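Residues per chain, in single letters:
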Amino acid sequence: MTEYDDVDTPAQPDAEPERAGTANVTPADAADAARLIAYGLQPKLQPARDAEYAELLRRHREDPAFARLSDAVAAGLGLVVLEVSTRAGMAVTAAEDSVFAVRMGDYARRATVDSGDRFLHGLAHLAVAAMAFPRPEDLADDGYIGRVSVNGVDAFVRQACRRLEERAAEQGENTDPSTDAPGLEAAWRVYARRSATGATKDARRLAGSTTGIIAKAVTFLVDSGFLQRTGDDAGGTYRTTARYQLQVRDIAGSAAMAELLELGIVPVADGSATLLPPDEADALDLVADAGLPFHAS
């Protein structure tokens with residue numbers, strides 16, 4: 001026995017502990033998480049129609065470790081998970097710096113939008129969102145389905161234009177700026193001066209008319225899985241999807257949308273809307289920092 005034999009030997013430190021939550025993660029798990037995100041990036045795909053998608057959603061709900069892994073994969077791609085459910089699927093939206101973000105310039109190219117009309121297209125998207133979910137309780141109710149029509153949106157915006165013009169006149173603001181200074185015109189003034197339909201020689205709707213602009217906006221929303229076309233009446237009728245409700249929740253509350261809602265939107269069952277003075281008791285308390293379904297460029 002040496003002089004050191006009776007000295008307690010300190011325990012050797014264990015190998016570096018594995019990071020919390022990663023002990024049981026396998027490459028197959030990572031692949032499944034990425035596959036779930038890929039499903040989420042296909043907005044028209046319904047979980048009820050794809051067994052693998054439905055199974056991955058079930059796993060996300062029932063396996064916390066897999067849910068954390070999936071959410072981390074989404075975050076790494078610059079995506080924000082809005083909801084994971086059978087009704088909405090893997091609903092994600094792109095952060096402004098994400099490679100998946102749809103920017104106004106991209107939208108303009110896809111919709112063949114004249115650069116001078118971009119803000120009118122933005123106004124159309126704003127009006128569709130406001131009409132689809134005019135009250136906070138509509139936005140909060142998962143079972144609520146909004147309905148809009150192209151002609152209804154146009155009629156609504158024109159009512160809003162008249163209301164804003166009246167307000168400007170009451171406040172003594174210039175309601176007829178010089179035609180050579182379009183930068184001084186508010187969007188509602190430009191919209192009010194634009195033809196609602198126009199016409200080509202074969203009576204087709206002009207793309208640059210206000211209903212043509214709205215039609216492009218709702219077509220984009222249909223392609224994005226936010227609206228579903230339900231008929232041809234009133235220039236085209238549409239119903240909202242769970243994804244659109246989540247998207248509008250995420251963007252609700254911009255200064256422009258709040259001002260539009262404050263005019264008092266009353267939805268009508270046929271997808272049209274009217275304006276009434278808002279009830280002060282029903283203050284519209286929406287989330288701050290709203291935007292449009294695409295990022296500014």
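What this report covers is the structure whose coordinates are included nearby. In this text the structure is predicted, and so the values were computed from the model without any measurement. (Residues numbered from 1 in each chain as written. Predicted model: local features only at pLDDT ≥ 70, side-chain atom pairs only at ≥ 80, totals over all residues. Heavy atoms only, no water.)

## Observations concerning the packing of aromatic side chains
Tallied over the entire structure, the rule returns four aromatic pairs. Their ring planes at 10° and their centres at 4.6 Å tell us that Tyr 39 and Tyr 53 sit as a pair that is stacked. Here Tyr 53 lies in helix α2 (residues 51-62) and Tyr 39 lies in helix α1 (residues 27-40), a separation of 14 residues in the sequence. As far as burial versus exposure is concerned, Tyr 39 and Tyr 53 are alike and both buried. Ring geometry for Phe 133 and Tyr 244: centres 6.0 Å apart, planes at 50°, overall tilted. Of this pair, Phe 133 sits in the loop between α5 (118-132) and α6 (136-140) while Tyr 244 is found in helix α10 (residues 242-251), placing the two residues 111 residues apart along the sequence. (Phe/Tyr/Trp six-rings, centres within 6.5 Å; stacked < 30°, edge-to-face > 60°. Helix = DSSP H or I, 4+ residues; strand = E, 2+ residues; numbered from the N terminus. Buried < 20%, exposed > 50% of the residue type's maximum accessible area, 1.4 Å probe, protein only.)

## With respect to the nonpolar core
In this structure, Val 128, Val 153, Val 157 and Tyr 244 are the most contacted members of the largest nonpolar core, which totals 33 residues. Those elements that provide at least two residues to this core are α5, α7 (150-170), α8 (187-193), α9 (210-223) and α10. It is α5 that provides the largest number of residues to this core, a total of nine residues. The contact partners of Val 157, leaving out residues within four places of it in the chain, are Leu 123, Ala 127 and Tyr 191. The next biggest cluster of nonpolar side chains, apart from the first, holds 16 residues, and it includes Leu 57, Val 84, Met 90 and Ala 101. (Core = buried A, V, L, I, M, F, W, Y, C linked by side-chain atoms within 4.5 Å. Contact = heavy atoms within 4.5 Å.)

## Overview of unusual backbone geometry
Here the phi dihedral of Ala 234 falls at roughly 55°; this positive angle occurs in a residue that is not glycine. When its relative accessible area of 33% is taken as the criterion, Ala 234 is described as partly exposed.

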